[in-house]
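Structure at a glance
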Amino acid sequence: MTHVEQFMYGSEGGRRGDRRWMLAASTGLGKDVNAEIRRLCDNWGDLPAAGLAAPALLSTPLRATLAAMRGQLWAIMRMAPGEAGFVHGVVLTDADFAAYGRNPYAVARQVSFAEEWHRGLELGGLNLEAEPGALRVTPLPSAADRVLVTEAIRHILTTGSLLLPLEQPGTEADRALAMIIASLPVPMRRELRFASWAGKDANAYGIAALGVPGGSCEGWPRLLMAEVAPVVPEAVETYARRVGGLISAGDLDGLCRLGREQTTTPASQVLVPGRSVLGESSHPGGGAGGGTGAR
């Protein structure tokens, strides 16, 4: 069993522009964890003008600690669709997160995330069923996914991060991102900051889809292939080809095993300096300011 603590962050009225705060939290969370979670939520970035069309998922290691939950802590957070910027999330230990392959999509399958907050709601700790490697994507990987996933792996292993343009979150992008995370060697997941959609990169994501008008996951393979990389280290290329073979074979379990069994990161070198969304000269929202536009 995996024990998690819960929290909800947003505004009482659930309206865009209302001030947001910690609406509810299980008693196991301390003030330091609560304060860090508030900063992460506020740094998620401005929502699209029409609000989120689908939920957005975020996972990040926390600096704060808890005496009752030993070791490194992780927050897995889901921002609900709409304009309110309502977030429901859980906190778990690194040891427990590792049982899910440190893939936030595997944890999210086990949590019934709320869409809104109700006055008087109280949160307590939860016990989840730990299913090591229990990632599921629908439909299963196929040869049609090979270019996107392998090019994404080449990119992140040679540059250290992967920031993709996406106007709105959605199931197709989630499926692709879940496979990309599953393909990562374990060492790169140990400190991975991830967002399936964010208005800006203030949380210093390792993998994220950032809000860019017109951005869609259909265009990701083209953008990745257009990236100029003079040299891809041989170890990176070998690993990417292994990933591609498993993707083409539809072997999701094998893909998860490959990432888990890779105890070292393939030799890499930073070929593309800076942090920018693929296809953009700079990431959106890079200046001062922030918030989800819901405060």
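A short tour of the structure in this document, coming up.

Criteria and thresholds
- Residues numbered from 1 in each chain as written.
- Predicted model: local features only at pLDDT ≥ 70, side-chain atom pairs only at ≥ 80, totals over all residues.
- Heavy atoms only, no water.
- Buried < 20%, exposed > 50% of the residue type's maximum accessible area, 1.4 Å probe, protein only.
- Helix = DSSP H or I, 4+ residues; strand = E, 2+ residues; numbered from the N terminus.
- Pairing = 2+ DSSP bridges.
- 1 Å grid on protein atoms, 1.4 Å probe; cavity = no way out; pocket = protein on both sides within 12 Å on 5 of 7 lines; lining within 4 Å.
- Points joined across faces, edges and corners; volume = space filled by probe spheres on them.
- Nonpolar A, V, L, I, M, F, W, Y, C, P; charged D, E, K, R; others polar.

What follows is about the pairing of strand β3 (residues 56-62). Across the seven residues of β3, seven count as buried, placing the element largely inside the fold. Pairing analysis gives seven bridges linking β3 to strand β4 (residues 73-79), with the strands arranged antiparallel. When the bridges of β4 are listed, T60 appears paired with A75.

The space that makes up the largest pocket amounts to roughly 390 Å³. Lining the largest pocket are 16 residues, with L57, Y105, A108, R109 and D174 sitting closest to its centre. The set of elements that each furnish at least two residues to the lining of the largest pocket consists of β3, α3 (104-108) and α5 (171-183). In terms of residue class, the lining of the largest pocket is made up of nine nonpolar, two polar and five charged.

Of all nine residues in strand β1 (residues 2-10), eight are buried; the element is thus mostly enclosed. In terms of strand pairing, β1 meets strand β6 (residues 126-128) through three bridges, oriented antiparallel. The residue bridging T2 from the neighbouring strand is L128, located in β6. As paired elements, β1 and strand β5 (residues 87-93) share five bridges and run antiparallel to each other. Pairing of Y9 across the sheet is with V87, part of β5. As defined by bridge partners, β1 adjoins strand β2 (residues 21-25) across four bridges and the pair is classed as antiparallel. Residue pairing for β2: Y9 is matched across the bridge by M22.

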